Amino acid sequence: MADTTAPVVTATQSSAVFDVRENRHEDVLDRAERALDVRLDRSSVVYGEHGATEGFRTSNGTWARVERRQRWRINSAVWIGLEAAATIREVKKPEWFQSATWSDPARDVVWRVDEVELINAPVVGDLATATTLPDPWWTDLRESLAALGAHPTERVGMSQAHLTKRITEVFDGVDTVVDEWTTAHTDLHWGNLSVEGHIIDWEDWGAAPRGHDAATLWQSALPDPQLAARVQHEFAADLETRSGKLAQLLQCANAIRVAARRGAPTPLSEPARAAADVLLAELRGA
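Let us look at the structure shown here. The residue count restarts for each chain, going from 1 along the sequence in the order it is written. Residues qualify for local features only when their pLDDT is at least 70, as the model is predicted, and side-chain atom pairs are given and counted only at 80 or more; totals for whole chains, interfaces and linings, by contrast, use all residues. Water and hydrogen atoms play no part in the side-chain values, which are based on all heavy atoms of the structure.

**Comments concerning the pattern of salt bridges**
To keep things clear, this is the line we draw: Every case where a carboxyl oxygen of Asp or Glu lies within 4 Å of a side-chain nitrogen of Lys or Arg is listed as a salt bridge. Helix and strand labels come from DSSP, where a helix needs a run of H or I of at least four residues and a strand needs a run of E of at least two; each type is numbered from the N terminus. Each residue is placed in one exposure class: buried if its accessible area under a 1.4 Å probe, protein chains only, is under 20% of its type's maximum, exposed if it is over 50%, and partly exposed if it falls in between.
Inspection of every chain in the model, using the stated rule, returns 23 salt bridges. The shortest N-O distance in the salt bridge between Arg142 and Glu234 comes to 2.2 Å. With Arg142 in helix α6 (residues 135–149) and Glu234 in helix α9 (residues 225–234), the pair connects residues that are 92 residues apart, well separated along the chain. Overall, the relative accessible area of 31% leaves Arg142 in the partly exposed class. The exposure class of Glu234 is buried, given its relative accessible area of 14%. Linked by salt bridges that have partners in common, Glu26, Asp30, Glu33, Arg39 and Arg42 make up one network.

Below is the structure:
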């Protein structure tokens, strides 16, 4: 198929980050179709939160994920996250099939397209839906995270330096040295979990403090005390360890930092402050 739509690049686009939600890029989608040998269902498009990604149903009955990155900000580990996750076994996630990557100097970005298994089950998405999840869903998630945690990797999902920096920006007088590390997804929130237990979006996975994924999910549940308590109960084996408490304190620090930048409390920041008081007392007294 010949290109019929030339890249449209305005003067402002050349210096601004290219947003797939707002800027024309039909030529990119045409090239993605040729690279994967599929047709993209344009009407099925789902955009990522920051305008860097979009996904489509394909004529193969699969899902195509298109991503752009600025050429000077490509992180090789993140860039091949979906592909590298294909080595992980016994975790409920979409299967990866193929990918293609190319440079786009006109837009000053690099494009990547991945074809993965289409998951028809909707994502959990919100706290109201999360509160209705049945017991087997939680069992499946525990088993997936246990298998993931045992998977060997050289990838880094959360470094000691980053954890220490973020915690000490908010809290003083706590030893932040992590004593247990496992492999983690590192972005485990309700939008990355399906109602059938699939874990999606594997860009950032790698080694992280034990309990990091459970702590991330717990933070996203904080506005609902009962749901947050459910997460604590289901993943107590990890969250009650020293590394698990540090992982929770990191999430508290992140929530408090966001509120400070906005100049007003958020649904996460106030329960995070209360939880941090307890965590700090436990960590300082250990």
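**Points about the packing of α6 against α9**
Note the cut-off: Angles run from 0 to 180 degrees between N-to-C directions of axes, and those axes are lines fitted to C-alpha atoms, restricted for helices to the stretch in contact. Oblique is the label for every angle not falling under 35 degrees (roughly parallel), over 145 degrees (roughly antiparallel), or within 65 to 115 degrees (roughly perpendicular). With the far helix as reference, a near helix turned anticlockwise by less than a right angle produces a left-handed crossing, and one turned clockwise produces a right-handed crossing. Here, two residues are considered to be in contact whenever any of their heavy atoms come within 4.5 Å of each other. Amino acids outside the nonpolar list (Ala, Val, Leu, Ile, Met, Phe, Trp, Tyr, Cys, Pro) and the charged list (Asp, Glu, Lys, Arg) are all regarded as polar, and Gly is one of them.
Between α6 and α9, the least distance of the axes is 11 Å, while the angle of their chain directions is 50°. Relative to α9, the element α6 lies oblique. By crossing handedness, the relation of α6 to α9 is classed as right-handed. Touching Asp135, Trp138 and Arg142 of α6 are Leu227, Arg230, Val231 and Glu234, all from α9. When its residues are assigned to classes, the contact of α6 with α9 shows three nonpolar, no polar and four charged.

**Re the sheet that holds strand β2 (residues 53–57)**
To be explicit about the condition: Strands are labelled as partners when DSSP assigns at least two bridges between them.
Spatially, the five strands line up as an open sheet ordered β1-β2-β3-β5-β4, and their pairing is antiparallel. Every interior strand has two partners, whereas the edge strands, β1 (46–47) and β4 (96–104), have only one. Across nine bridges, strand β3 (residues 62–70) lies against strand β5 (residues 109–117) in antiparallel orientation. Within β5, the residue paired with Ala64 across the bridge is Glu115. Set on the sheet, helix α2 (residues 26–36) makes contact with β2, β3, β4 and β5; between it and β4 the angle comes to about 135°.

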